[in-house]
Amino acid sequence: MKRTANLILAASIAAAPAAAWAQKFDGLAATPQMGWNSWNKFACNIDEKLIRETADAMVKLGLKDAGYQYINIDDCWHGTRDDHGDIRPDPQRFPSGMKALADYVHARGLKLGIYSDVGDKTCGGRPGSRGHEYQDAKTYAAWGIDYLKYDWCESKGINAVGAYTTMRDAIRAANRPILFSMCEWGDNKPWEWAADVGHSWRTTGDIYPCWDCEKSAGSWSAWGVMRILDKQEGLRKYAGPGHWNDMDMLEVGMGMTEDEDRAHFSIWSMLNSPLILGNDLRSMPDAVKKIIGRREVIAINQDPLGVPALRFWRQGQVELWAKPLANDEWAFMVLNRGETPLPLHYDWKQNAIADDLSKRDVDFKQATWHWTDAWTGKTGDTSRRLDATVPAHGVVLLRLKKGA
Ligand code: GLA
């Protein structure tokens, strides 16, 4: 008898709709989030002046108009906790306080992000949020924070689902729509369980500004662009509006060649990764400005359909990728991973594209498609062979529309 009652109780709990307080905020990342983060370039060398100047540069360079919105402070902003356990910013580096900084960023039409960690300490050894989750979320909300990157250092056997869900609920309880960016490095396959927990989840360890290297840091490694790309195998089906695979922050303008930077930006756009700039926005070469501001490429990342690209062909160093876009359009990318430029003579009619995930397909024998090169603006159509040179460590990226 008792057993039956328990079963009935369990069944009714399972059927109950999730309470409003136990949900992430909807509508915050209908398309992948775009912004900037301090870590890749500045690591712990950050202060409020850098954040203010970066916000100013974002507006002045037209990057805000291109879609970039978040100015994110990564690790090392922290001071100590006060007598009540409330976290405070480093008084030397952020003397005006976070509320004033958020006001400054908001006044420019941008949003402010911050960083914490599931453990007692962050990766940089600053105070983490363990045991202070609700208190910290409340503090961030009071400061006017709009984005939380939540790291996985010092996790010491903590259950990942529990740790990230706790912070999600803490944000909900603090009642401010804060985008929740999970930085768990893919250790516990967050793509399988986090669609209702965060707005994005890191799929890998940290990125490193190189094409195809592994950079050892002793107990862990950072990864070049090709290594990160290869770790996305099988993950496209888990991403969609409001919950994205995060391939880590961009390294455009951080030491790779122009072709590599263009390929990196194209790949992150094709796979719907968040576009979080990692370079110094206050000074950069024109070539870098052009890459990060290229609206035709950003539009592929921000396409409302939100379906990441499919690799439909691969041979040697060459890969063909296709991404279904809204309004029956497609993006098409040729990736040359190799060390030498690739002369391309591509007969569209030889390769139909079929995508089981989006249930979309295209057969170039049946209809002609018009294409525009997303980087150069050059145009053509699929009735003729595509003749191009794909640079070494580079891409050709096209947008296809039906019709000649
Ligand atoms: C981890 C994260 C990085 C960065 C650093 C900060 O390595 O994955 O993105 O936030 O911590 O210490």
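Residues numbered from 1 in each chain as written. Predicted model: local features only at pLDDT ≥ 70, side-chain atom pairs only at ≥ 80, totals over all residues. Heavy atoms only, no water.

## A short note on the overall build of the protein chain
Formally: Numbered from the N terminus, helices here are DSSP runs of H or I no shorter than four residues, and strands are runs of E no shorter than two. To get the radius of gyration, use the C-alpha atoms; to get the globule rule, take the number of residues to the power 0.38 and multiply by 2.2 Å. Only protein chains enter the accessibility calculation, which uses a 1.4 Å probe. A residue is then buried if its area is under 20% of the maximum for its type, exposed if over 50%, and partly exposed in between. Here the open area of atoms and residues is found with the Shrake-Rupley method and a 1.4 Å probe, where only the protein chains shown may cover a residue.
Helix and strand counts for the protein chain come out as 10 helices and 22 strands. Over its C-alpha trace the protein chain gives a radius of gyration of 22 Å, about what one expects of a compact globule, namely 22 Å for 404 residues. On the principal axes, the C-alpha backbone points of the protein chain span a range of 70 × 65 × 40 Å. Per-residue burial for the protein chain yields a buried fraction of 53% across its 404 residues. Taken as a whole, the protein chain presents about 17500 Å² of accessible surface, with 50% of it coming from carbon and sulfur.

## Description of the site of the ligand
In plain terms, the rule: It suffices for a single heavy atom of a residue to lie within 4 Å of a molecule or strand for the residue to be listed as near it. For the purposes of these results, a polar contact is taken to be a pair of N or O atoms within 3.5 Å, where, inside protein, one atom must be able to donate a hydrogen and its partner to accept one; residues adjacent in sequence count only when each atom of the pair is a side-chain atom. Polarity classes work like this: nonpolar for Ala, Val, Leu, Ile, Met, Phe, Trp, Tyr, Cys and Pro, charged for Asp, Glu, Lys and Arg, and polar for all others, with Gly in that last group.
Taken together, 13 residues lie around the ligand, and Asp74, Asp75, Lys149, Asp151 and Asp206 are the ones closest in. Here Asp74 contributes a side-chain N or O atom positioned 2.7 Å from an oxygen atom of the ligand. Contacts to the ligand include Asp151, whose side-chain N or O atom sits 2.8 Å from an oxygen atom. Against a free-state accessible area of 310 Å², the protein chains account for coverage of 95% of the ligand. Across the shell around the ligand, the residue classes tally to 6 nonpolar, 1 polar and 6 charged.

## Quick notes on the nonpolar core
Rules: What is meant by a nonpolar core is a set of buried Ala, Val, Leu, Ile, Met, Phe, Trp, Tyr and Cys residues, joined one to another through side-chain atoms within 4.5 Å. The split into domains, and so the bounds of each, comes from an automatic or database assignment of domains. Contacts are residue-level and defined by heavy atoms, with any inter-residue pair within 4.5 Å sufficient.
Judged by nonpolar contacts, the single largest core of 86 residues is most densely connected at Tyr68, Trp77, Phe265 and Ile267. At 6 residues, helix α6 (residues 160–174) tops the list of elements feeding residues into this core. The residue makeup of this core includes at least three contributed by each of domain 1 (4–301) and domain 2 (310–402). Ignoring sequence-local partners within four residues, the contact set of Tyr68 consists of Met34, Gly35, Met58, Leu63, Leu110, Phe265, Leu275, Leu277, Ile292 and Ile298. Counting 22 residues, the second-largest nonpolar core is a separate cluster that includes Leu310, Leu344, Trp371 and Leu398.

## Observations concerning helix α8 (residues 258–270)
Let me state the cut-off plainly: Between the first and last residue of a helix there are one fewer steps than residues, each counted as 1.5 Å, and that sum is the expected span.
The terminal C-alpha atoms of α8 lie 18 Å apart, and with 13 residues this matches the ideal 18 Å at 1.5 Å per residue to within 8%. Within α8, 10 of the 13 residues are buried, which leaves the element mostly enclosed by the surrounding structure. Looking only at α8, the buried set comprises Glu260, Asp261, Ala263, His264, Phe265, Ser266, Ile267, Trp268, Ser269 and Met270.

## Some details on the pattern of salt bridges
As a reminder of what qualifies: The term salt bridge refers to a pairing of a side-chain nitrogen on Lys or Arg with a carboxyl oxygen on Asp or Glu at a separation within 4 Å.
As enumerated under the stated definition, the model contains 29 salt bridges in all. Between Asp103 and Lys99 there is a salt bridge, with its nearest N and O atoms 3.0 Å apart. One end of the pair, Asp103, and the other, Lys99, are both in helix α4 (residues 98–107), 4 residues apart, so they sit about a helical turn from each other. Accessibility expressed as a relative area gives 41% for Lys99, which makes it partly exposed. Between Glu258 and Arg262 there is a salt bridge; the shortest N-O distance is 3.5 Å. A residue pair is termed a helical-turn pair when its members lie 3 or 4 positions apart in one helix, as Glu258 and Arg262 do in helix α8 at 4 residues. Accessibility expressed as a relative area gives 42% for Glu258, which makes it partly exposed. Overall, Arg262 belongs to the partly exposed group, its relative accessible area being 23%. Several salt bridges share partner residues, and in doing so they unite Asp230, Glu233, Arg311, Arg314, Glu319 and Arg337 into one network.

## So, the sheet that holds strand β15 (residues 330–336)
To keep it simple, the criterion reads: For two strands to pair, DSSP has to find at least two bridges joining them. Lines fitted to C-alpha atoms define the axes, with helix axes restricted to the stretch in contact, and inter-axis angles between N-to-C directions lie between 0 and 180 degrees.
The 6 strands are arranged β13-β14-β15-β22-β19-β20 in an open sheet whose pairing can be described as antiparallel. Of all strands in the sheet, those bounded by a partner on one side alone are β13 (310–315) and β20 (379–381). The average angle at which neighbouring strand axes cross in this sheet is 25°, direction not considered. Strand direction decides the pairing type here: strand β19 (residues 369–373) and strand β22 (residues 394–402), joined by 5 bridges, are antiparallel. Note on β22: the bridge partner recorded for Trp369 is Lys402. Lying on the sheet, α8 is in contact with β14 (318–324), β15 and β22; it crosses β22 at an angle near 40°.

## Overview of the packing of aromatic side chains
Heads up, the condition is: For Phe, Tyr and Trp, rings pair up if their centres lie within 6.5 Å, where Trp contributes its six-membered ring, and each pair is then called stacked (planes under 30 degrees apart), edge-to-face (over 60) or tilted (otherwise).
Summed over the entire model, instances satisfying the criterion amount to 16 aromatic pairs. Here Trp77 and Trp143 contribute two aromatic rings whose centre-to-centre distance is 5.7 Å and whose plane-to-plane angle is 85°, an arrangement assigned as edge-to-face. Taken together, the residues Trp77 in the loop between β2 (70–72) and β3 (78–81) and Trp143 in helix α5 (residues 133–143) connect sequence positions 66 residues apart. Just as Trp77 is buried, Trp143 falls in that class too. Grouped by ring-pair contacts, the aromatic residues Phe312, Phe332, Tyr346, Trp348, Phe364 and Trp369 constitute a single cluster.

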